[in-house]
Amino acid sequence: MSKKYAIGVDYGTESGRAVLVDLSDGTEVADHVTPYPHNVIDEKLPNSGVKLEYDWALQHPQDYLDVLTRSVPAVVQASGVDPADIIGLGIDFTACTMLPVDAQGQPLCFNPELANQPHSWVKLWKHHAAQDEANLINEIAERRGEDFLPRYGGKISSEWMIAKVWQILNEAPDIYEQTDRFLEATDWVVSQMTGASDIVRNSCTAGYKAIWHKKKGFPSNEFFKALDPRLENVTQTKLRGEVVALGTKAGELTESMAKLMGLQPGIAIAVGNVDAHAAVPGVGVVTPGKLVMAMGTSICHMLLGTEEREVEGMCGVVEDGIIPGYLGYEAGQSAVGDIFAWYVEQGVPAYVQAAAEQEGTNVHEWLERHASAYKPGETGLLALDWWNGNRSVLVDTELNGLILGYSLLTKPEEVYRSLLEATAFGTRKIVDAFHNNGVEVQELYACGGLPQKNRLLMQIYADVTNREIKVADSKQTPALGAAMFGAVAAGAANGGYDSIVDAAQKMARVRKDTFKPIPENVVVYEKLYQEYSKLHDYFGRGENDVMKRLRAIREEARH
Ligand SMILES: Nc1ncnc2c1ncn2[C@@H]1O[C@H](COP(=O)(O)OP(=O)(O)O)[C@@H](O)[C@H]1O
Ligand SMILES: O=C(CO)[C@@H](O)[C@@H](O)COP(=O)(O)O
């Protein structure tokens, strides 16, 4: 039998990439990236120019289809593989990235009459403008003693489905009315490939992002009624749809999409998945004790467990949510690479840019090299990593960043180093929260763009957490994981696999080189972490709500 292949498509925040994978050993034969033509829409709507409010982050659904029709043919062509040997395709996505669709499954923003209404567009995961709704969801759920709250670390995030749906209802009831269903973008893109009129939802986003439970389903209608009487039946109406397990075949590729994607019609399309969750088998983790960090613009922390535990501020624990047979735990930091990008774009003096350019390197690399010359603690700086709020463990998007310890001698590379360290302290908070609450963390596994881009960052993470870090050998780990799920959807009988564990065992690899904690650094970072924790609690747990007061003053000033 000839070699068989699957394709994984990873939808990130700014681009989508396709990877064509050899199913015998996981070799990534070809990959191709399509930057989203409209990128993140956070200032004004395309065409109409309608201005967006603060904290909004939208996307254009056509950009997702462009990834399929540009990157997929590109990998098939570059690999020289016969499309007849490509047996399955899986996708993974940022989440909760959601959109309203009509009865035909078409995004409302495709309708020219609705395109000038911000609420008709895709809300990206980092759309944070539904915080008021999230606060009320939490208040009401707590008052009613809803048993789902502990599964989400005590708080439902404004990034998630219910808060976003409610924001649409509150601010654009007409759009809410015209919505047939609210879908995760990952499920919508799958439906576009399978042409299925009955759209299936994947258990991962349903569980982590829409408060769905394998045994209990969604929260009760009474709960939704208590939020808002207009939401009473939302789970039977606009959130309806069969919820199926990861690895399930959602359907088969349609003739028309096959033509556009350069594939054969009828191949297996797996149900959608989330980027971070797909990365777990992608890095070969199929057992507890190993925390996987998908490190990019943000970090998602993924961990398997055998018992349901309550962990402060975790994003969620979902049965079978990552690997069937285990409880999947997720936590996260909503900005990491994004913070470094902010500094490079907004904070670096011209002489650094000029020096980097002259040396033929990019500003990140220049800063990393110069920051590496410092010992832990030597900068005298300490930062709180809340440039995009705090996802875990405080679950509060209204917190902001802070850098302490500036002097007239402070150098840009010192600030950069303090930002790298701040994000490592944020990860340490998460590791401690799991480990101290009975969900063991023995080793760290890293994947995503950052481990390949910044060695200093990775060493700091090993030192701050005092744990060895293994790095994925794959450059595109979520896409590799997605391809594995595509192979599972196809099944062993067709040259794929019958379970994700089988697929991961054959196809995943980590690099030989690992990052090991350096004992003398660990000691200094322990001291700095204690200081970080004090600042974290002071500004983040209500002792001094100055960050929130500043926000309120800013809002007043803007209106
Ligand atoms: N050398 C570097 N060191 C640290 N961060 C970097 C470096 N180069 C780029 N970045 C950051 O990496 C992030 C992109 O990560 P990547 O994993 O490629 O994307 P995504 O999260 O969208 O999948 C950006 O936020 C960017 O600022
Ligand atoms: O929230 C999740 C997963 O639950 C991510 O999709 C979101 O943080 C975006 O991740 P990336 O920064 O694109 O890697």
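Definitions and limits used
- All residue numbers refer to position in the chain's written sequence, counted from 1.
- Whichever chain is written first becomes A and whichever ligand is written first becomes 1, with later ones labelled in order.
- For this predicted model, a pLDDT threshold of at least 70 governs which residues receive local features, and a threshold of 80 or more governs which side-chain atom pairs are given and counted, while totals over whole chains, interfaces and linings are taken from all residues.
- To get the side-chain values, take all heavy atoms of the structure and skip hydrogens and water.
- UniProt positions are given in the numbering used here, feature names are shortened, and annotations may be inferred rather than shown by experiment.
- Put simply, DSSP H or I for four residues or longer makes a helix, DSSP E for two residues or longer makes a strand, and each gets a number counted from the N terminus.
- Only heavy atoms are used to decide nearness, and a residue is near a molecule or strand if one of them lies within 4 Å of it.
- Here a polar contact means two N or O atoms within 3.5 Å. Within protein one must be a hydrogen donor candidate and the other an acceptor candidate, and residues neighboring in sequence count only if both atoms are side-chain atoms.
- The protein chains shown are the only cover counted for residues, whose accessible areas, like all others here, come from Shrake-Rupley with a 1.4 Å probe.
- Note that the domain bounds were set by an automatic or database domain assignment.
- Note on geometry: axes are lines fitted to C-alpha atoms, helical ones only across the stretch in contact, with angles between N-to-C directions running from 0 to 180 degrees.
- Geometric relationships in this document are graded by angle, where less than 35 degrees denotes roughly parallel, more than 145 denotes roughly antiparallel, 65 to 115 denotes roughly perpendicular, and other angles denote oblique.
- Whether two residues are in contact is decided by their heavy atoms: any pair within 4.5 Å suffices.
- Nonpolar residues are Ala, Val, Leu, Ile, Met, Phe, Trp, Tyr, Cys and Pro. Charged residues are Asp, Glu, Lys and Arg, and all others, Gly as well, are polar.
- When two parts are brought into contact, each loses some accessible area as probed by a 1.4 Å sphere; the total of that loss over both is the buried area.
- By definition here, a salt bridge exists when the distance from a side-chain nitrogen of Lys or Arg to a carboxyl oxygen of Asp or Glu is within 4 Å.
- What we call a nonpolar core is a set of buried Ala, Val, Leu, Ile, Met, Phe, Trp, Tyr and Cys residues that are connected through their side-chain atoms within 4.5 Å.
- Only protein chains enter the accessibility calculation, which uses a 1.4 Å probe; a residue whose area is less than 20% of its type maximum is buried, one above 50% is exposed, and one in between is partly exposed.

Looking at an unreviewed UniProt entry, one finds the chain named Ribulokinase, with Paenibacillus violae as its source organism. Database annotation for the chain, UniProt heading Pathway (unreviewed entry): "Carbohydrate degradation; L-arabinose degradation via L-ribulose; D-xylulose 5-phosphate from L-arabinose (bacterial route): step 2/3."

This part covers the UniProt feature "domain: Carbohydrate kinase FGGY N-terminal" (unreviewed entry) in the chain. The sites that carry the UniProt feature "domain: Carbohydrate kinase FGGY N-terminal" (unreviewed entry) are, in the present numbering, residues 5-280. Helix makes up 31% of residues 5-280 and strand 20%, with an end-to-end C-alpha separation of 20 Å.

So, on to unusual backbone geometry. The omega torsion across A95 and C96 is -5°, close enough to zero to call that bond cis. For C96, the position within the fold is in the loop between β5 (86-93) and β6 (98-101). Residue V393 is reached from S392 by a cis peptide bond, and omega for that bond is 5°. The residue V393 is located in the loop between β18 (382-384) and β19 (402-404) in this model. Notably, D55 is not glycine yet its phi reads approximately 75°, a positive angle. One non-glycine residue, D320, lies in positive phi territory at about 60°. Mapped onto the elements of the fold, D320 is located in the loop between β16 (316-319) and β17 (327-333).

Let's shift gears to the site of ligand 2. Taken together, the neighbourhood of ligand 2 is formed by 13 residues, with K209, D275, T297, S298 and E330 sitting nearest. Contact distances for ligand 2 include 3.0 Å between an oxygen atom and a side-chain N or O atom of T13. One of the side-chain N or O atoms of T297 is found 2.4 Å from an oxygen atom in ligand 2. Burial of ligand 2 by the protein chains amounts to 93% of its free accessible area of 380 Å². If you count residues domain by domain, the shell around ligand 2 takes at least three from each of domain 1 (5-276 + 477-507) and domain 2 (285-473 + 518-559).

Below, the discussion takes up the packing of helix α13 (residues 412-435) against helix α18 (residues 519-540). When two helices pack together, their arrangement is given by the angle between the helix axes and the distance between those axes. Direction vectors running N to C along α13 and α18 enclose 80°, while the axes themselves pass 10 Å from each other. With respect to α18, the element α13 is oriented roughly perpendicular. Across the interface between the two elements, R417, E421, A422, F425, G426, R428, K429 and D432 from α13 touch Y525, E526, L528, Y529, Y532, S533 and H536 from α18.

Turning to the packing of helix α9 (residues 275-282) against helix α16 (residues 477-490), a few remarks are in order. The contact between α9 and α16 brings their axes to 7 Å, and the two run at 75°. When the axis of α9 is compared with that of α16, the two are roughly perpendicular. Residues D275, A278, A279, P281 and G282 of α9 lie in contact with α16, whose contacting residues are T477, P478, L480, G481, A482, M484 and F485. Of the residues assigned to the contact of α9 with α16, the class counts are 8 nonpolar, 3 polar and 1 charged.

The subject of this paragraph is the domain arrangement of the chain. Considered domain by domain, the chain is made up of domain 1 (5-276 + 477-507) and domain 2 (285-473 + 518-559). The straight-line distance from the C-alpha centre of domain 1 to that of domain 2 is 26 Å. Listed per partner, the contact involves 31 residues of domain 1 and 41 residues of domain 2. Here domain 1 and domain 2 share an interface that buries about 2900 Å² over both sides, 52% of which is from carbon and sulfur atoms. Interface area lost by domain 1 to domain 2 is led by Y54, Y208 and A276, which between them contribute 22%. Across the contact surface, domain 1 and domain 2 share 7 salt bridges. Our count for the domain 1 to domain 2 interface comes out at 12 residue pairs in polar contact (both at pLDDT 80 or more).

Now for the nonpolar core. Ranked by internal contacts, the top residues of the largest apolar core, which has 67 residues, are M293, M295, F340, L367, F434, Y461 and I469. By residue number, the principal contributor to this core is α13, which donates 11 residues. The residues touching M293, leaving out its near neighbours within four places in the chain, are I299, C300, H301, T427, L444, Y445, A446, C447, Y461 and I469. Counting 44 residues, the second-largest nonpolar core is a separate cluster that includes C204, A279, L304 and F485.

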